[in-house]
Amino acid sequence: MEHLEIKSGPFKVIRTSIAILNIAAGVVAFFASLESDKIIVRIAPVFIVFFGIYLLTNGFGLERCWFRTGDNCIIIKWINRIAPVQIHDSRIFKISLERTTVMIYRKGDKPLKLDISFLEKEQKTDVYQFLIDYSRQRNITLEKHSSTLL
């Protein structure tokens, strides 16, 4: 129970094909813009290629989601967060598992809300199971609402 990484499988093919199309369109637009005198026409293909690379690399790693356990802490990297959040076990008041969100209530700080509505059923179950096991090992209060998938 050291690590849980969530991968978005179905969108990978769509994202990769859109990324390749963007890169190809950017290269073609760049060669077509060589005869133009306008600066915007020359710069736009660079941004199109940059966006294709962004899609191909899964948002430069920003769109990865994972949970890790450390020495008396949990480290959470959630979608579109630049830096992972590290929460010490003694700072966690309780963990609440809901149908579309996971709430981690912290002492002296606002709760950490993780949206899980975009996950598939198996991935939600993995997240729930990871947090249930974590709360049992660390003796943290756990609330399971009736709408959860477990």
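Refer to the structure above for everything that follows.
The structure presented is a predicted model; accordingly, all values stated were derived computationally and were not measured.

Asks: Hey, could you go over the sheet that holds strand 1 (residues 3–6) for me, with residue numbers and the actual values?
Replies: If you walk across this open sheet you meet the four strands as 1-2-3-4, and the pairing is antiparallel. Every other strand in the sheet has two partners, leaving strand 1 and strand 4 (85–88) as the edge strands with one partner each. Pairwise comparison of adjacent strand axes, ignoring direction, gives a mean angle of 15 degrees for this sheet. Where strand 3 (residues 73–77) and strand 4 come together, four bridges link them in antiparallel fashion. In the sheet register, Ile76 faces strand 4, and the bridge partner there is Val85. Strand contacts of helix 3 (residues 121–138): strand 1, strand 2 (65–70) and strand 3, with the helix running at about 15 degrees to strand 2, the strand carrying the most contacts.

Asks: Before we move on, can you summarise the pairing of strand 1 with the specific residues and values?
Replies: Only one face of strand 1 is covered, namely the one carrying Leu4 and Ile6; the face carrying His3 and Glu5 has none of its residues buried. Summarising the sheet, strand 1 and strand 2 pair through four bridges and their orientation is antiparallel. Bridging across to strand 2, Ile6 finds its partner in Cys65.

Asks: How would you summarise the sheet that holds strand 5 (residues 92–97) if you had to cite specific residues and measurements?
Replies: Reading across the sheet, the four strands line up as 7-6-5-8 and stay open at both edges, with mixed pairing between neighbours. Of all the strands in the sheet, the pair left with one neighbour each is strand 7 (112–115) and strand 8 (141–144). When the angles between neighbouring strand axes are averaged without regard to direction, this sheet yields 15 degrees. Of the strand pairs in this sheet, strand 6 (residues 101–106) and strand 7 are connected by four bridges, and their pairing is antiparallel. Each residue of the ladder has a partner; that of Met103, found in strand 7, is Lys113. The strands touched by helix 3 are strand 5, strand 6 and strand 8; relative to strand 5, the strand with the most contacts, the crossing angle is about 150 degrees.

Asks: Go over the packing of aromatic side chains with me, naming the residues and quoting the values.
Replies: Counted according to the given criterion, the structure contains five aromatic pairs. Here the aromatic rings of Phe51 and Tyr54 are separated by 6.4 Å at their centres, their planes lie at 15 degrees, and the arrangement is stacked. Taken together, the residues span about one helical turn, with Phe51 and Tyr54 both in helix 2 (residues 39–56) at a distance of three residues. By relative accessible area, Tyr54 is classed as partly exposed at 24%. Members of the aromatic cluster, each reached through a chain of ring pairs, are Phe67, Trp78, Phe118 and Phe130. In this structure, Arg68 packs its charged tip against the face of Trp66, placed 4.0 Å from the ring centre. In this structure, Lys94 packs its charged tip against the face of Tyr105, placed 5.0 Å from the ring centre.

Asks: Mind laying out the environment of Gln129, listing which residues take part and the relevant values?
Replies: Here Gln129 is to be found in helix 3. In this structure the C-alpha to C-alpha distance between Gln129 and Leu112, which are 17 residues apart in sequence, comes to 18 Å.

The rules behind the values
The numbering scheme is per chain: residues are counted from 1 as the chain's sequence reads. In keeping with the predicted nature of the model, local features appear solely for residues at pLDDT of at least 70, side-chain atom pairs appear and are counted solely at 80 or more, and the whole-chain, interface and lining totals rest on all residues. Think of the side-chain values as coming from all heavy atoms in the structure, minus any hydrogens and water. A pair of strands is considered paired only if DSSP assigns at least 2 bridges between the two. Helix and strand assignments follow DSSP, with helices taken as H or I runs no shorter than four residues and strands as E runs no shorter than two, numbered in order from the N terminus. Under this scheme, a helix contributes an axis fitted over its contacting stretch, all axes are lines through C-alpha atoms, and angles between N-to-C directions fall in the 0 to 180 degree range. A contact between two residues is defined here by any heavy atoms of the two lying within 4.5 Å. Only protein chains enter the accessibility calculation, which uses a 1.4 Å probe; a residue whose area is less than 20% of its type maximum is buried, one above 50% is exposed, and one in between is partly exposed. Any two rings among Phe, Tyr and Trp, with Trp reduced to its six-membered ring, count as a pair given centres within 6.5 Å; such a pair is stacked if its planes are under 30 degrees apart, edge-to-face if over 60, and tilted if neither. Two conditions define a charge located above a ring, namely a distance within 6 Å from the ring centre to NZ of Lys or CZ of Arg, and an angle within 35 degrees of the ring normal.

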